[in-house]
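What follows is each chain in one-letter form.
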Amino acid sequence: MNQANRPFTMNMELTTRCPLMCPFCYCTLNNGKDLPLEKAIFWLREAKKSGIVMVSLSGGETLCYPHLEEVIKEGSRLGLEINVALSGYNFTEKRLESLISAGVSRIYISLNGSTAEINNKSRNGYDLAMNALNLLARYGYKNTCMNWVMQDFNTDDFKNIVTIAEQHNVRNLVILGLKPTSKKELAHFPTRDQLNSIAKFACEYRGTVNLRIEPCYSCLNAAVKEMSKSLSIHSPIYSGCLAGQGIVSVNVDGE
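Residues numbered from 1 in each chain as written. Predicted model: local features only at pLDDT ≥ 70, side-chain atom pairs only at ≥ 80, totals over all residues. Heavy atoms only, no water.

Q: Mind showing me how you'd approach the pairing of strand β7 (residues 210-213) here?
A: Along any regular strand the residues' side chains alternate between the sheet's two faces. Burial of the side chains of β7 is restricted to one face: Leu211 and Ile213 are buried, whereas none of Asn210 and Arg212 on the reverse face is. Alignment of strand β6 (residues 172-176) against β7, held across four bridges, turns out to be parallel. Considered in β7, the bridge of Leu173 is made with Leu211. (Buried < 20%, exposed > 50% of the residue type's maximum accessible area, 1.4 Å probe, protein only. Helix = DSSP H or I, 4+ residues; strand = E, 2+ residues; numbered from the N terminus. Pairing = 2+ DSSP bridges.)

In structure tokens form, the structure reads like this:
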């Protein structure tokens, strides 16, 4: 089957429960819900049959999901790469070992600022994220990754985020585009100059961390492509949106 005719990545929303109460989020700890385990297993098996190679598990807070290790274990048994995004909530060495034993491929820690002041403008749990990064580094875990959402108030802080990633042996640092809030608002979108500054940094960076831009962040991908031309270097990051082509999402209702 032609690559463009089938997805190769699946995102599965395991839960809408989360204790952090971030400023723009819709998730709560007590009023959220979980994806039924049987539906999660069904979609993992459908993913395998469809030729999908990677499944990303998200929330809410994934560590609030009661069947997380079971889902990872089944995905690993099927030969899928299973990635998990965490805030750091309830993350301990014992839980890390449980995730590793289940067969997790990569663990992503979400952090939007190098300080609590910057981070807390868009998400809570700065100390939780830093504690998680410290734990992973001390343990010697080799597949630590980070998610960073680019906004107009944290663009100048990106170099500091990269430094944190380097200090904690982070493998991949993913730059995510800003999404509408729970109220369908899109505030704090970066300016053109800010997009160009991150694009220039990404093109010139030669450090130990792999910088990645999510495929659907089309404006930053376009800036990187143009910047690489102006600098006469090969674009280091894939450019092109795969929405509706290579990525399929399953929500917490199993749809």
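Q: Is there a simple way to think about the packing of helix α1 (residues 37-50) against helix α2 (residues 68-77) in this case?
A: Geometrically, a packed helix pair is captured by the angle between its two axes and the distance between the axes. The geometry of α1 relative to α2 is characterised by a closest axis approach of 10 Å and an angle of 20° between their N-to-C directions. One finds that α1 runs roughly parallel with respect to α2. For the pair α1 and α2, the sense of crossing is right-handed. In contact with Leu37, Ala40, Ile41, Leu44 and Arg45 of α1, α2 contributes Glu70, Val71, Glu74, Gly75 and Arg77. Along the lines of polarity and charge, the residues of the contact of α1 with α2 split into five nonpolar, one polar and four charged. (Axes fitted to C-alpha atoms, helices over the stretch in contact; angles between N-to-C directions. Parallel < 35°, antiparallel > 145°, perpendicular 65-115°, else oblique. Left-handed = near helix turned anticlockwise from the far one by under 90°. Contact = heavy atoms within 4.5 Å. Nonpolar A, V, L, I, M, F, W, Y, C, P; charged D, E, K, R; others polar.)

Q: Even after reading the chapter, I still don't get the sheet that holds β7, so can you show me in this structure?
A: By definition, the strands of a sheet pair up through backbone hydrogen bonds, in either a parallel or an antiparallel sense. Strand order across the open sheet formed by eight strands is β7-β6-β5-β4-β3-β2-β1-β8, with parallel pairing between neighbours. Single-partner strands in this sheet number two, and they are β7 and β8 (247-250). Averaged over neighbouring strand pairs, the angle between their axes works out to 25° when direction is ignored. The sheet contact formed by strand β1 (residues 9-13) and strand β2 (residues 54-58) spans five bridges and is parallel. Looking at the pairing, Thr9 lines up with Met54 of β2. The sheet contacts of α1 involve β1, β2, β3 (81-86) and β8, and relative to β1 the element is tilted by about 175°.

Q: What exactly am I supposed to notice about the packing of helix α7 (residues 192-204) against helix α8 (residues 218-230) here?
A: Running from N to C, α7 and α8 point in directions that differ by 60°, and their axes come no closer than 8 Å. Here α8 runs oblique to α7, going by the angle between their axes. The two elements α7 and α8 cross, and the hand of that crossing is right-handed. Here α7 contributes Leu195, Asn196, Ile198, Ala199, Lys200 and Cys203 to the contact with α8, which in turn contributes Cys219, Leu220, Ala223, Val224, Met227 and Ser228. In the contact of α7 with α8, the residues fall into nine nonpolar, two polar and one charged.

Q: Is there a simple way to explain the environment of Lys73 in this structure?
A: For Lys73, the location among the structural elements is in helix α2. What makes Lys73 exposed here is its relative accessible area of 52%. The spatial distance from the C-alpha of Lys73 to the C-alpha of Asp156 is 40 Å, given a sequence separation of 83 residues.

Q: Please explain α8 as it appears in this structure.
A: Taking 1.5 Å as the rise per residue, α8 with 13 residues should run 18 Å; its terminal C-alpha atoms sit 18 Å apart, in good agreement. Along α8, the residues classified as buried are Leu220, Asn221, Ala223, Val224, Met227 and Ser228. For α8, the buried positions fall inside an angular range of 160° around the axis, keeping them on one side. Looking at α8, the residues exposed on the side facing more than 90 degrees away from the buried face are Lys229 and Ser230. Residues of α8 that are buried make contact with β6, α7 and β7. (Expected span 1.5 Å × (residues − 1). Arc of directions from axis to C-beta.)

Q: I'm lost on the pattern of salt bridges in this one. Help?
A: Should their charged atoms come close, side chains of opposite charge can pair. By the definition in use, this model includes ten salt bridges. Here Glu226 makes a salt bridge to Lys229, at a shortest N to O gap of 3.8 Å. With Glu226 and Lys229 both in helix α8 and three residues apart, the pair spans about one turn of that helix. Judged by relative accessible area, which is 48%, Glu226 ranks as partly exposed. Taken together, the salt bridges that share partners define one network made up of Arg45, Glu74 and Arg77. (Salt bridge = Lys/Arg side-chain N within 4 Å of Asp/Glu carboxyl O.)

Q: Any chance you could explain the nonpolar core here in plain terms?
A: Soluble, globular proteins show a tendency: their nonpolar side chains are buried together. In terms of nonpolar packing, the biggest core is built from 66 residues, with Met12, Val55, Leu57, Phe91, Ile107, Phe158 and Leu220 touching the most fellow members. Each residue touching Phe158, except ones within four places of it in the same chain, is listed here: Trp148, Leu173, Ile175, Ile198, Phe201 and Leu211. (Core = buried A, V, L, I, M, F, W, Y, C linked by side-chain atoms within 4.5 Å.)

Q: Explain the pairing of β6 here, please?
A: Across the five residues that make up β6, a large majority, five, are buried. Residues Asn172, Val174 and Leu176 of β6 are buried on one face, and the alternating residues Leu173 and Ile175, pointing to the opposite face, are buried as well.

Q: Could you clarify how one ought to interpret unusual backbone geometry in this entry?
A: Generally, phi is negative for residues other than glycine and the peptide bonds are trans, each holding for most cases. Here the amide bond leading from Gly59 into Gly60 is cis, since omega sits at 15°, within 30 degrees of zero. At Asn90, a residue that is not glycine, the phi angle is positive and equals roughly 60°. Tracing the chain through its elements places Asn90 in the loop between β3 and α3 (93-102). The exposure class of Asn90 is partly exposed, given its relative accessible area of 48%.

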